[in-house]
Amino acid sequence: MRKTAIFSAILLLCLWCAGCSGMGSGQVAYVPPDDPEQIATAHVVSQDFLNIAEQMTSSLVTCKTVSKASKPPLIVVQPLKNESSEYLNTKMYTDKVRTLLIKNGGDRVRFIDRESFDKIEEERKFKQRDDVDKGVKSGHAGADYFLVGTISDIVHTKDGVTTRFYRFSMRLTNADSGIIAWEDEKEFKKVESRGGFSR
């Protein structure tokens, strides 16, 4: 009985080791983020995401509101409104747009980090103490514009074929008047069938 128990324990240990040695044995390779997806799908993929972000930032920095401004406008990026039928990481998209604008826009635009307001206020109070440098102005910077966006889609399925039409739009809205100073969009359609995929 004892030999059987020992044998069983050894067998389980061998199986566990074999399973561990097989983990991560598949091939993994780094590819550029804008490489075409290897998995056929009619959903939004990383290539779509990057293309749209690049188009929107290029359009925004060349619009007259930004390019002809006497001083860089202060912009607050609002969360992207997802009106599509699928889950999307909208924060990743807006963060990418802001990063591209900062990297490629030079000093033509500046952004207010509303997400860090609590930490900024905490730091301001800390700096107002007697033993800390008081070289900081009170009050938060006010936005000149809000950068907002929406993604929507129309989906049709018939006889095993699914068509997905997507529309990404972004606009720059004056924070005082509500006037839209700039707007652009990107539209594309994908068709997916049981036997294949086309775009």
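The following paragraphs examine the structure supplied in this document. (Residues numbered from 1 in each chain as written. Predicted model: local features only at pLDDT ≥ 70, side-chain atom pairs only at ≥ 80, totals over all residues. Heavy atoms only, no water.)

**Comments concerning the packing of aromatic side chains**
For the coordinates displayed, the defined rule picks out 4 aromatic pairs. Ring geometry for F49 versus Y93: centroids 5.8 Å apart, planes at 70 degrees, classification edge-to-face. Of this pair, F49 sits in helix 2 (residues 46-62) while Y93 sits in helix 4 (residues 90-104); the two residues are 44 residues apart in sequence, bridging distant segments of the chain. An aromatic cluster of three or more residues is present, and its members are F49, Y93, Y166, F168 and F188. (Phe/Tyr/Trp six-rings, centres within 6.5 Å; stacked < 30°, edge-to-face > 60°. Helix = DSSP H or I, 4+ residues; strand = E, 2+ residues; numbered from the N terminus.)

**Digging into the pairing of strand 5 (residues 161-174)**
Strand direction decides the pairing type here: strand 4 (residues 145-158) and strand 5, joined by 14 bridges, are antiparallel. Within the sheet, the bridge partner assigned to V155 lies in strand 5 and is R164. In this structure, the hairpin formed by strand 4 and strand 5 is closed by a connection of 2 residues, where D159 is found at a positive phi of approximately 55 degrees. Pairing geometry for strand 5 and strand 6 (residues 180-193), over 13 bridges, is antiparallel. Residue L172 lies in a different strand from strand 6, and its bridge partner there is W182. Following strand 5, the chain reverses through 5 residues before pairing antiparallel with strand 6; G178 in that reversal takes a positive phi of roughly 80 degrees. (Pairing = 2+ DSSP bridges.)

**Remarks on the side chain of T90**
Its location among the elements puts T90 in helix 4. Once residues lying within four places of it in the same chain are set aside, the contact partners of T90 are L80 and N82. (Contact = heavy atoms within 4.5 Å.)

**A closer look at helix 2**
Since the α-helix advances by 3.6 residues per turn, residues separated by three or four positions end up pointing in the same direction. Counted at 1.5 Å a residue, the expected span for helix 2 with its 17 residues is 24 Å, and the 25 Å between its end C-alpha atoms agrees. Of all the positions in helix 2, only Q47, D48, F49, L50, I52, A53, M56, T57, S59, L60 and V61 are classed as buried. Tucked inside the fold, the buried residues of helix 2 contact helix 3 (64-67), helix 4, strand 4, strand 5 and strand 6. (Expected span 1.5 Å × (residues − 1). Buried < 20%, exposed > 50% of the residue type's maximum accessible area, 1.4 Å probe, protein only.)

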